[in-house]
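What the coordinates show
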Amino acid sequence: MTNRSANYEYVVARVRHRRASLFAEEDYRKLLGMGLGGIARFMEESPYQAEINDLGARYSGVQLIEYALNRNLARAFDDLLRFSEGELYELVARYLRKFDAWNLKTVLRGRFSDAEDEEIEENLIDAGELEPEFLDRLIAAPDIEAIVEIIEETTFGDAVVEAYPDYEETGLLTPLENAIDRAYYEGLLEDQIPDEGPMALYAEFLRTEIDFRNVRNVLRIVRSGAEIDPREYFIEGGQLFDSEEIAQLATDQDQLITHLRESRYGKHLGPAIDSLDAEANLTQFERALDEALLSFADRLSHVYPLSVCPVLAYILAKEREVDNIRAIAHGKETGLDRSTIENELVML
Amino acid sequence: MLEALTNVAGLLAQELISPTAAAALAVGLATIGAGMAERSIGAAAMGAIAEDEDLFGQGLILTVIPETLVILALVTIFVV
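Residues numbered from 1 in each chain as written. Chains lettered and ligands numbered in written order. Predicted model: local features only at pLDDT ≥ 70, side-chain atom pairs only at ≥ 80, totals over all residues. Heavy atoms only, no water.

This is how the line gets drawn: UniProt positions are given in the numbering used here, feature names are shortened, and annotations may be inferred rather than shown by experiment.
Where an unreviewed UniProt entry is consulted, chain B appears under the name A-type ATP synthase subunit K, with the organism given as Halodesulfurarchaeum formicicum. You can read under Subcellular location (unreviewed entry) in the UniProt record for chain B the words "Membrane".

The name an unreviewed UniProt entry assigns to chain A is A-type ATP synthase subunit C, from the organism Halodesulfurarchaeum formicicum. Under the UniProt heading Subcellular location (unreviewed entry), the note attached to chain A is "Cell membrane". Checking UniProt for chain A, the heading Subunit (unreviewed entry) contains the comment "Has multiple subunits with at least A(3), B(3), C, D, E, F, H, I and proteolipid K(x)."

Written out as structure tokens, the structure is:
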């Protein structure tokens with residue numbers, strides 16, 4: 001498809017319309033006041049209608065909502081790939097490989113924990129580049145070694161094969177999962193990207209995402225107090241720190257906070273960094289990171305209306321919506337009260 | 001393209017092409033411009049209509065707005 005020119009106008013018009021019909025804040029407020037049945041009924045009258053109707057006969061309650069969300073997400077992103085042509089297709093497909101990474105990790109985890117094939121299959125999100133037949137082969141593989149052999153055919157192959165001896169040595173999935181994540185993020189920026197225009201901002205957006213991912217990982221390591229070398233989790237390509245710096249900062253939270261405050265993200269993350277000082281809970285800070293990333297994507301989509309940026313902003317916003325509804329549904333199921341769900345929720 | 005236009009203007013100044021031929025060129029060039037503009041707007045309008053059919057009217061109007069360029073260019077025919 002690369003020989004066709006990109007059709008930014010068409011895709012951006014569709015994406016903007018879809019972005020506008022995502023759930024608004026008052027919809028979430030309504031959802032918060034409903035039970036699980038109410039949420040499913042509410043979704044039936046929204047863009048989730050097709051999925052709820054399809055799955056309604058087989059599942060109910062939180063499972064119905066969960067699977068409907070996954071399926072709807074897959075359909076939305078499949079549509080994006082179907083619409084796009086040329087350069088735009090390449091860029092979107094590359095970004096959506098995050099779902100390939102998700103699927104590979106899900107299969108590995110499922111096999112690792114001896115889950116039923118059916119259970120694994122239900123948790124896959126068919127939105128990436130990997131074909132359903134390929135995923136079926138993965139699920140059918142008898143053990144982790146066989147799965148790794150199949151993964152070898154994909155772009156994640158080299159990294160995963162390299163990490164396999166580590167897995168055998170430690171008996172933990174973490175090295176394999178890390179390898180997949182790193183292969184994904186590093187694959188995003190593998191090509192030389194021009195220094196100006198929309199492509200440069202696209203690259204900057206990806207770098208920001210990598211930086212935020214790194215910050216999140218380091219903070220979790222610091223907070224957990226575990227003896228983990230943060231360099232193993234470090235993703236190349238960000239601008240905030242390099243692997244040596246991160247190893248040093250991970251030992252001292254105050255130093256890490258100062259580094260963050262003085263960085264280029266300091267201005268946008270100011271209040272969030274303050275909350276990090278005071279509270280023991282990371283949720284607020286991670287929410288702030290998500291919000292900063294989304295508003296960055298929104299800003300880019302206004303600066304370069306005819307580029308891949310509006311599509312990325314839509315992908316983020318859609319994921320956010322799905323996460324929000326999932327959080328509400330699970331919160332309701334476990335009987336949390338309204339204000340707790342509201343605080344744990346990522347509002348728009 | 002600009003160079004070609006300057007050449008045409010030069011030829012016109014030396015009265016090597018007739019005013020009618022120049023007017024015809026003006027209309028032709030304006031039409032190409034309008035076509036280029038409509039290509040993008042049409043694509044975007046199709047995208048919007050695919051999402052929501054009610055946008056058909058607005059899409060149609062926005063798509064033909066560059067057409068005014070051609071109508072203005074037609075004036076040159078009557079001026080020369």
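Focus: the interface of chain B and chain A
Applied cut-off: The contact definition used throughout considers only heavy atoms, calling two residues in contact when any of these lie within 4.5 Å. Accessible area that two parts lose when put together, evaluated with a 1.4 Å probe and summed over both, is termed the buried area. One speaks of a salt bridge when a side-chain nitrogen belonging to Lys or Arg is within 4 Å of a carboxyl oxygen belonging to Asp or Glu. Under this definition, polar contacts are N or O atom pairs within 3.5 Å; protein pairs additionally need one hydrogen-donor-capable and one acceptor-capable atom, and for neighbouring residues in sequence, both atoms have to be side-chain atoms. Think of it as three bins: nonpolar holds Ala, Val, Leu, Ile, Met, Phe, Trp, Tyr, Cys and Pro, charged holds Asp, Glu, Lys and Arg, and polar takes everything else, Gly as well.
Facing eleven residues of chain B, the contacting portion of chain A comprises seven residues. Across the interface of chain B and chain A, roughly 750 Å² is buried in total on both sides, 57% from carbon and sulfur atoms. Taken together, the connections running from chain B to chain A amount to three salt bridges. Arg-18 of chain A is paired through a salt bridge with Glu-51 of chain B; the nearest N and O atoms lie 2.7 Å apart. For the pair chain B and chain A, the interface holds three residue pairs in polar contact (both at pLDDT 80 or more). When its residues are assigned to classes, the side of chain B that touches chain A shows six nonpolar, two polar and three charged.

So, helix α14 (residues 253-262) of chain A
All names here are of chain A. To be explicit about the condition: Each residue is assigned to one of three classes by its accessible area relative to the maximum for its type, calculated with a 1.4 Å probe on protein chains only: buried under 20%, partly exposed between the two thresholds, exposed over 50%. Each helix is a run of DSSP H or I of at least 4 residues and each strand a run of E of at least 2, with the numbering of both proceeding from the N terminus. Within this analysis, the arc is defined by the directions that extend from the helix axis to the C-beta atoms.
All buried positions along α14 are accounted for by Leu-256, Ile-257, His-259 and Leu-260. Projected onto a plane normal to the axis of α14, the buried residues spread over an arc of 160° and lie on a single side. Projecting away from the buried face of α14 at angles above 90 degrees are the exposed residues Asp-254 and Glu-262.

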